[in-house]
Amino acid sequence: MQSLIAVIIVAWFLSRLFWQKKKGSVNKSEFVFWLIFWLLALALILSLKWLDQLVADLGFSSSAIQVLLYLAVAVLIYFIFRIRLRLAKMEKDISKIVEHLAITKRD
Amino acid sequence: MKIIAVVPAWNEAQTIAQVVGQLKPLLDEVVVVDDASADDTARLAAAAGAVVLRHLLNRGQGAALRTGTRWAFNQDADIVVHFDADGQFSVDDLPALLAPLKAGQADIVFGSRFLRDNSLPPLKRHLIMPLARLINRWLFGIRLTDPQNGLRAFTHEAFTKIIWQEDGMAHCSEILLLAHRRSLRLKEVPMTVIYHHYGQKLSGGIKILKDLVVNKLNR
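Owing to the predicted nature of the structure, the values given are computational and were not obtained by experimental measurement.

### Regarding the interface of chain A and chain B
- Taken residue by residue, the interface counts 14 residues in chain A and 18 residues in chain B.
- Here the residues of the side of chain A that touches chain B are counted per class, giving seven nonpolar, one polar and six charged.

This is the structure in structure tokens:
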């Protein structure tokens, strides 16, 4: 039942992704990234029994779904880190433009 | 020897004319970088005789200083002086600041509030500045008495080696770090600050540290 709910949720996100692609809201590389992301999530959900065994064999006391949750949090934190770095770079680029305009307008 | 003062200004209409008026007779040129002020800073600075460069968006003191410094050296300045727009610095400190550069004894000269006894606010004197000194010493190996001082002067050659990336207040630490790493000849001279308000708070210091770390990771 839990797996079925998770599959429905992933299916809903996938449908949103295809709809946004159709609308032109996401570019090709962004579409491919999220498509792979959700398909991977779907594959992991459908392999929970096999993953439970794998997690147990690796010596973890928790279930596969818990391990997936920990991994998801780690991935999210990494994405936040990447976004922060990207924002910092954008800030720098804006400063370069502002500086260039200030100097050339005066010259 | 052509000396230009760079004055970053953001909403400094109350003091900018006086600051420009004091600097103008002592230096070859005064350039005010108006960092997208909402008040009359730019107009008043121009009326007082400064060259005014305008940022379309507010980018922070470090960015304004970089804009003004680049422009000044494009105008063949030999030395650039960074001077605050809030009227807290005294032009009486300029001769001592410039002397080592004119004599070729230093590449970059920093003002220090700690080499002369003055009325530094207690929180700043006993907590914020010692903390800043410790961080600079531990992280970067820099031993200067006043790492967050905005009064400095340097040559064109020095500028090519210390072009800072920090847009905000962290530019002070970055300039120090770059000057230290590039083995520039550093000198500190005493200066006086007239406090109208208490300047940076502890939260400001934490933001500077955060900016330095993010900038380091982003390189």
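### Overview of the sheet that holds strand E4 (residues 79-82) of chain B
Residues and elements named next belong to chain B.
- Strand order in the open sheet made by the seven strands is E3-E2-E1-E4-E6-E5-E7, with mixed pairing throughout. Of all the strands in the sheet, just strand E3 (51-54) and strand E7 (186-190) have a single pairing partner and so form its edges. Ignoring which end each strand starts from, the neighbouring axes of this sheet average 20 degrees apart.
- Across four bridges, strand E2 (residues 29-34) lies against E3 in parallel orientation. Across the sheet, residue Val-31 finds its bridge partner in E3, namely Val-51.

### Focus: the confidence of the model for chain A
- On average, chain A scores 90 in pLDDT, and the residues at 70 or more come to 99%.
- Of all helices and strands in chain A, the one with the weakest mean pLDDT is helix H3 (residues 48-57) of chain A (87), whereas helix H4 (residues 64-106) of chain A scores best (92).

### A look at the confidence of the model for chain B
- Within chain B, residue pLDDT values average 88, and 87% of them lie at 70 or more.
- The complex prediction reports pTM at 0.77, with the ipTM value standing at 0.78.

### Looking at unusual backbone geometry
Residues and elements named next belong to chain B.
- With a phi close to 60 degrees, Ala-36 is a non-glycine residue in the positive phi region.
- Tracing the backbone shows Ala-36 in the loop between E2 and helix H2 (41-47).
- Note on Ala-36: 16 C-beta atoms within 10 Å, which makes it partly exposed.
- The backbone phi angle of Asp-76 is positive, close to 65 degrees, even though this residue is not glycine.

### Some remarks on H4 of chain A
- The first and last C-alpha atoms of H4 of chain A sit 63 Å apart over 43 residues, in line with the 63 Å expected at 1.5 Å per residue.
- Taken together, the buried positions of H4 of chain A are occupied by Ala-64, Ser-95, Val-98, Glu-99 and Ala-102 of chain A.

### Quick notes on the pairing of strand E1 (residues 3-9) of chain B
Residues and elements named next belong to chain B.
- Of all seven residues that make up E1, six are buried, and the element is covered over most of its length.
- In terms of strand pairing, E1 meets E4 through four bridges, oriented parallel. From the neighbouring strand, Ala-5 faces E4, where its bridge partner is Val-81.
- Sheet topology note: the E1/E2 ladder contains six bridges and is parallel. The partner of Pro-8 across the bridge, within E2, is Val-33.

Calculation notes
Position numbers for residues start from 1 in each chain and track the written sequence from start to end. Written order decides the labels, with chains lettered from A and ligands numbered from 1. With pLDDT at 70 or above as the cut-off, local features in this predicted model cover only qualifying residues; side-chain atom pairs require 80 or more to be listed or tallied, and sums for whole chains, interfaces and linings still use all residues. Each residue is represented by a C-beta atom placed from its backbone, and any two residues with such atoms within 7 Å are regarded as in contact. Amino acids are sorted into nonpolar (Ala, Val, Leu, Ile, Met, Phe, Trp, Tyr, Cys and Pro), charged (Asp, Glu, Lys and Arg) and polar (every other residue, Gly among them). Each pair of strands is called paired provided DSSP finds at least two bridges between the two strands. A run of H or I in DSSP becomes a helix once it reaches four residues, and a run of E becomes a strand once it reaches two; helices and strands are each numbered from the N terminus. Interaxial angle, 0 to 180 degrees, is taken between N-to-C directions of lines fitted to C-alpha atoms, where a helix line uses only the stretch in contact. For every residue, the pLDDT score states the predictor's confidence, bounded by 0 at the bottom and 100 at the top. Exposure classification rests on a simple neighbour count of other C-beta atoms within 10 Å of a residue's own: a residue reaching 20 or more is buried, one at 12 or fewer is exposed, and one in between is partly exposed. C-beta atoms are placed from the backbone. A helix's residues, less one, multiplied by 1.5 Å, set its expected span.

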